[in-house]
Every structure is written in structure tokens, then in C-alpha cells.
Amino acid sequence: MLLPTESSAAQAQEAIIEEFAFFGDWSERYQYLIDLGKRLPDFPEEWKTESNRLQGCQSKVWIVPHVQDQRLYFSAASDSSIVSGLVYLALRVYSGRTSEEIQANPADFVQAIGLSKHLSPTRSNGFSALLAFIQKTAESI
């Protein structure tokens, strides 16, 4: 389960935008994504089941939501290093937040850092599926 490092989803998005602005080109940004993916907390092997697998993603992504103290936390893993970085970004923004905060903060950082232009269509679709899963989970609690 990834714990928030910033005090709000909006601050997490601002921090991500600032971090990505530091890099001059997309090869450096892809390497940064790979490095971020390595920061995901360990994900138990027994959770890597079909019922925890995110649909709509070409890579394998498993995600498990947890509710604790009226906050929604997510544990997740992927079999792809770049996708793991994308998962990390989404969880950095949304894990550990209330459902109201998740719903009130669309993933504006995706456009701001240029991810939508630089991801392959399959990765972009998968990332959209991940963000939609997080929003849908927030709406359901």
C-alpha cells in the first residue's frame, strides 16, 4: 500500500509536474518512470489473481483497494517497468485520499507533463483504465 508523500492530491500533481519539467527529453522521462516504478511497495504474489487484474491494460496490472479510516489506499503492481512507473504516479496522487478528494481531482498532471502525447496507444489506454478504476472505486465507497 502506497502512503501519500504530499498532503493533498493537488500538491502531489504539482510535485509530479515540477519533477518532470526538470528533464530535458523523453528518454530521461522514461528512465525516471522506470525508476519510480521501482518505488512501488512489495505486492504479495497471492494477490496476483485474475480478480485483481486491471482490465483494459495490455501489460499485466494488479490493483487492490483498501479502505482505512475513511481513506482509500491502493496496492498495485505491474509486469512492465514503464507501466509500474505510471502506476506509481497514479497511486502517489490518489492513494491515501478520501473518496471526495479523489473525485474532486482529475488527473491533470497527465496532460501537463505530456504523457498523453508520449505514451503508446496501448499504454495510454491502460493508464486511462487505471485512472478510471481509481475514480470508480472512489465513487463506490
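All values derive from a computational prediction rather than experimental measurement.

Trainee: How do you make sense of the confidence of the model for the protein chain when you look at a structure like this?
Mentor: When pLDDT drops low, the exact placement of atoms in the prediction is not to be read closely. In the predicted model, the protein chain carries a mean pLDDT of 95, and 100% of its residues have values of at least 70. The spread of mean pLDDT over the elements of the protein chain runs between helix H6 (residues 115-118), the lowest at 90, and helix H4 (residues 99-104), the highest at 98.

Trainee: Help me out: how do you make sense of unusual backbone geometry in this one?
Mentor: Trans is the prevailing form of peptide bonds, just as negative phi is the prevailing case for residues other than glycine. Look at Asp69: it is not a glycine, yet its phi comes out positive at around 50°. Note on placement: Asp69 falls in the loop between strand S1 (61-68) and strand S2 (71-78). Of note in the backbone geometry, Gln70 takes a positive phi value of approximately 60° without being a glycine. Mapped onto the elements, Gln70 comes out in the loop between S1 and S2. A relative accessible area of 68% places Gln70 in the exposed class.

Rules and cut-offs
Residues numbered from 1 in each chain as written. Predicted model: local features only at pLDDT ≥ 70, side-chain atom pairs only at ≥ 80, totals over all residues. Heavy atoms only, no water. pLDDT = per-residue confidence, 0-100. Helix = DSSP H or I, 4+ residues; strand = E, 2+ residues; numbered from the N terminus. Buried < 20%, exposed > 50% of the residue type's maximum accessible area, 1.4 Å probe, protein only.

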